[in-house]
Amino acid sequence: MQQQSRTLPEQKRRTLESTIRSALPDTAFSPGRAADLGALIATLAQAEQIGHDPRGLLKEAIAMRELDTAQNIEDVLVWRLRRLTDLPAHPETDHRRTTTPQRRAGFPEPPAAPLSPLAEPHRSSSRRR
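Before going into details, it helps to say that this report is about the structure given with it. Predicted, not measured: the structure shown is a model, and the values here were computed from it.

Calculation rules
Residues numbered from 1 in each chain as written. Predicted model: local features only at pLDDT ≥ 70, side-chain atom pairs only at ≥ 80, totals over all residues. Heavy atoms only, no water. Helix = DSSP H or I, 4+ residues; strand = E, 2+ residues; numbered from the N terminus. Salt bridge = Lys/Arg side-chain N within 4 Å of Asp/Glu carboxyl O. Buried < 20%, exposed > 50% of the residue type's maximum accessible area, 1.4 Å probe, protein only. Core = buried A, V, L, I, M, F, W, Y, C linked by side-chain atoms within 4.5 Å. Expected span 1.5 Å × (residues − 1). Arc of directions from axis to C-beta. Axes fitted to C-alpha atoms, helices over the stretch in contact; angles between N-to-C directions. Parallel < 35°, antiparallel > 145°, perpendicular 65-115°, else oblique. Left-handed = near helix turned anticlockwise from the far one by under 90°. Contact = heavy atoms within 4.5 Å. Nonpolar A, V, L, I, M, F, W, Y, C, P; charged D, E, K, R; others polar.

**Some thoughts on the environment of leucine 37**
- Relative to the assigned elements, leucine 37 resides in the loop between α2 (10-23) and α3 (38-49).
- When the C-alpha atoms of leucine 37 and arginine 13 are compared, they prove to be 10.0 Å apart, with 24 residues separating the residues in sequence.

**Thoughts on the pattern of salt bridges**
- All told, the structure shown has three salt bridges when counted by the stated rule.
- The salt bridge partner of glutamate 10 is arginine 14, with a shortest N-O separation of 3.5 Å. Of this pair, glutamate 10 and arginine 14 both sit in helix α2, four residues apart, which is roughly one turn of that helix.
- Glutamate 10 gets classed as partly exposed once you look at its relative accessible area, which sits at 45%.

**Brief notes about the nonpolar core**
- Ile20, Leu24, Leu40, Leu58, Leu77 and Leu81 are the most contacted members of the largest nonpolar core, which totals 22 residues.
- Of all elements in the fold, only α2, α3, α4 (54-63) and α5 (73-85) reach the threshold of two or more residues within this core.
- Here this core takes six residues from α3, the largest share from any one element.

**So, unusual backbone geometry**
- At aspartate 86, a residue that is not glycine, the phi angle is positive and equals roughly 60°.
- Take aspartate 86: it is sitting in the segment after α5.

**A closer look at the environment of glycine 51**
- Positionally, glycine 51 belongs in the loop between α3 and α4.
- C-alpha separation for the pair glycine 51 and threonine 85, spaced 34 residues apart in sequence, amounts to 9.6 Å.

**Quick notes on α2**
- Its 14 residues give α2 an end-to-end C-alpha distance of 20 Å, which sits within 8% of 20 Å, the value for a rise of 1.5 Å per residue.
- Restricting attention to buried positions, one finds in α2 the residues Arg13, Leu16, Thr19 and Ile20. Summarising the axial view, the buried residues of α2 lie within an arc of 125°, below the 170-degree limit, and thus occupy one face. Away from the buried face of α2 by more than 90 degrees, exposed residues Gln11 and Ser22 are located.

**Side note on the packing of α4 against α5**
- Where α4 meets α5, the closest approach of the two axes is 9 Å, and the angle between their N-to-C directions is 115°. By the angle between their directions, the pair α4 and α5 is classed as roughly perpendicular. Regarding α4 and α5, the two cross each other, and that crossing is right-handed. Residues Leu57, Leu58, Glu60, Ala61 and Ile62 of α4 pack against Leu77, Arg80, Leu81, Leu84 and Thr85 of α5.
- Among the residues forming the contact of α4 with α5, the class breakdown is seven nonpolar, one polar and two charged.

Right under this line is the structure:
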């Protein structure tokens, strides 16, 4: 993903980096705390490409839970953003992106198909009178 962020037009990269820096507290960029923002920039660019607002999406990801205990804020935010947007967890290996909506986290699975009559428990045909 770092490589993908480097292939973005410079203006797009700067705009997304500015979006990230304005959304995160200054402590997120303290020495030893944050790595290169390439993966986060690439993820926001992908989300924007499928119709999401990068600024609003980033705010939603930040608000999901605190970031103070994160060892790598970028990794945490990339994970959250990819879950929110249904982007594949490992974009390098999953090139099957579909246009059909995927199930969002926190929503129940659709009901299972009903059991066939053969799968129902055995019922005795004799009745008590």
